[in-house]
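Below are the chains, spelled out letter by letter.
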Amino acid sequence: MRIQHPRDTGPLAALSPAESARLMAVMREAALSRGRLPLPARPVIGASWDRMLRLGLDPDHGRAPRPLGLDELELRRRKTRLAEVLPTLRSGLLEAAEAAGHIMIIADAEGRILWIDGHRGVRRQADGIALVEGAHWAEEAAGTSGIGTALAVRSPVRVHSAEHFVSAFHPWSCAAAPVHDARDGRLLGVVDISGPAGTAHPTVLSLVTATARWAEGELRLAHSRELAGLRAVAAPLLARIRGKAVVVDRHGWVAGVTGVSPPEHRLPLPKTPYDGPVWLPALGACAVEPLPGGHLLRVLDGEPSEGGPAGRGHLLLDVRHPHRWALTFSGPAGTWTHELSARQAEVLLVLAAHPEGRTAAQLAQDLFGDPTRAVTVRAAMSRLRGRVGAVLAHRPYRIADGVRIDVASPDHPAVLLPFSRAPAVVELRGFPAF
């Protein structure tokens, strides 16, 4: 029997913490046996339990991969942008966590715990469940939890007591919120407060979420300063150029233009080293020159900016990772890779599954379960075509003729775009391979 996920959580919210914990334990046991639940689980929890059941995760102990070694842990700490906002996260959460007898945890996008701080006694208790620096707490390892489930759904999540899929974690309560990179929207990781379930307070999720947004604001401000510095370099350079040119930072954000108006503030750039002209969806064929902190893109004559790769090509839609997705084009005009948003990943996955194409109404049904939302779909497709160019055709929306698309999907269909509730994506999760 499939677990139902209605939005109404009133009955559980009306119970005392002890009563709700006991009832959640009964609900979890019913879910494990595919029986009838006495009350519906919260939608985010029920969906996570579904994923864990499909993965075959051990409900008593989970899966315990080897913790990171000290060298690898330090390397991840140095490389992550979370280190830049570590003072912000600590100032926002650490004092409150210690006062409540809880701990603050920061994990990267893979679910690896990078830093733990807080109440010493609770840290010792955390050692007993492998809640330690370097441990792996993504859903596929630790099941439903604040860290893993917030990563999976890319939204703030509170997991209390027996809402944890793994029974060893039932004495705990946790609240986590994701942190994204302002430059490219990439998921950097999560910040979490965890502690004994008996002393947890529901409002901790609001505190964690506000602190994560505060950290994202700090990252956004830092990027604005970097872009302002690049604009100062770009202005005199572009003033001397005849023709069409664009200056972008290393992530594709436009810092200056001359002779051309890019349709977007950020342009997809090739990931591979530049060797000769490259084709970019928004500009056409370009010569790329390095600049301090970015690139100068000189638009070459002979290929219109609204054009696309000539004749034929190959697209690879990479949705193997639960939190990062990309579209790579390879063809006679070159290679480029575009990091996808959650909605773009959904749309391209649906189009890959329907090579004959989809109308706006059909896509609205695929994405929202509501064919009347065609206007929303048309706006989203217009933005997507502005980013990836002529590899997409319309009337109906489809992958362009002469362009082959392959999908790199996860080993477990249950974790295919785990954040998504789009009916078409839910249906695709039912296939052994896509």
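This is a predicted model, so every value here is computed, not measured.

## A few points about the overall build of the protein
Reasoning step 1: Assigned secondary structure in the protein consists of 13 helices and 16 strands.
Reasoning step 2: Sorting the 434 residues of the protein into buried and exposed places 53% on the buried side.
Reasoning step 3: Sequence separation of at least 24 residues holds for 57% of the intrachain contacts in the protein that already meet a minimum separation of 6.
Reasoning step 4: When the accessible surface of the protein is split by element, carbon and sulfur atoms take 54% of a total near 19,400 Å².

## Quick word on the nonpolar core
Reasoning step 1: By size, the foremost hydrophobic cluster in this structure holds 40 residues, and its most contacted members are Leu317, Leu349, Met381, Leu392 and Leu417.
Reasoning step 2: Residue assignment for this core shows that the elements contributing at least two residues are strand S11 (313–318), strand S12 (326–331), helix H10 (342–353), helix H11 (360–368), helix H12 (374–388), strand S16 (403–408) and helix H13 (423–428).
Reasoning step 3: If one sorts the elements of this core by residue count, H10 sits on top with seven residues.
Reasoning step 4: If near-sequence neighbours (up to four positions away) are discounted, Leu317 is found in contact with Ala326, Leu327, Leu340, Leu348, Leu349, Ile405, Asp406, Val407 and Ala408.

## Quick look at the pattern of salt bridges
Pairing between side chains of opposite charge can happen when their charged atoms approach one another.
Reasoning step 1: Taken as a whole and judged by the stated rule, the model has 18 salt bridges.
Reasoning step 2: The shortest N-O distance in the salt bridge between Asp181 and Arg183 comes to 2.9 Å.
Reasoning step 3: Residue Arg183 is classed as buried on the basis of its relative accessible area, which comes to 13%.
Reasoning step 4: A salt bridge links Arg213 to Glu216, with the nearest nitrogen and oxygen atoms 2.9 Å apart. You can see Arg213 and its partner Glu216 sitting in helix H9 (residues 204–239), three residues apart, about one turn around the helix.
Reasoning step 5: Judged by relative accessible area, Arg213 falls into the partly exposed class, the value being 32%.
Reasoning step 6: On the basis of relative accessibility, which here comes to 8%, the residue Glu216 falls in the buried class.
Reasoning step 7: It is possible to trace a salt-bridge network through shared partners that takes in Arg81, Glu84, Asp181, Arg183, Asp184 and Arg186.

## Some points on the environment of Val233
Reasoning step 1: By the element assignment, Val233 lies in helix H9.
Reasoning step 2: A C-alpha to C-alpha distance of 8.6 Å links Val233 and Leu291, two positions 58 residues apart in sequence.

## Let's talk about the confidence of the model for the protein
Reasoning step 1: The predicted model of the protein averages 85 in pLDDT, with 88% of residues at 70 or higher.
Reasoning step 2: Contacts of residues 1–9 to residues separated by more than four positions or lying in other chains number 24 contacts, the stretch itself having pLDDT below 50.
Reasoning step 3: Scored below 50 in pLDDT, residues 303–311 makes 23 contacts in the model with residues more than four places away or belonging to other chains.

## Details of the packing of aromatic side chains
Reasoning step 1: Within this structure, the stated rule accounts for two aromatic pairs.
Reasoning step 2: Considering the side-chain rings of Trp137 and Phe169, the 4.7 Å spacing of their centres and the 35° angle between planes classify their relative orientation as tilted. Of this pair, Trp137 sits in the loop between helix H6 (120–127) and helix H7 (139–142) while Phe169 sits in the loop between strand S3 (157–160) and strand S4 (172–180), and the two are 32 residues apart along the sequence.
Reasoning step 3: With relative accessibility at 6%, the residue Phe169 sits in the buried group.
Reasoning step 4: On the numbers, 5.1 Å between centres and 50° between planes, the contact of Trp325 with Phe419 is tilted. Of this pair, Trp325 sits in the loop between S11 and S12 while Phe419 is found in the loop between S16 and H13, placing the two residues 94 residues apart along the sequence.
Reasoning step 5: Accessibility expressed as a relative area gives 17% for Phe419, which makes it buried.

Scoring rules and cut-offs
- Residues numbered from 1 in each chain as written.
- Predicted model: local features only at pLDDT ≥ 70, side-chain atom pairs only at ≥ 80, totals over all residues.
- Heavy atoms only, no water.
- Helix = DSSP H or I, 4+ residues; strand = E, 2+ residues; numbered from the N terminus.
- Buried < 20%, exposed > 50% of the residue type's maximum accessible area, 1.4 Å probe, protein only.
- Contact = heavy atoms within 4.5 Å.
- Areas by Shrake-Rupley, 256 points an atom, 1.4 Å probe, with all protein chains shown as cover.
- Core = buried A, V, L, I, M, F, W, Y, C linked by side-chain atoms within 4.5 Å.
- Salt bridge = Lys/Arg side-chain N within 4 Å of Asp/Glu carboxyl O.
- pLDDT = per-residue confidence, 0-100.
- Phe/Tyr/Trp six-rings, centres within 6.5 Å; stacked < 30°, edge-to-face > 60°.

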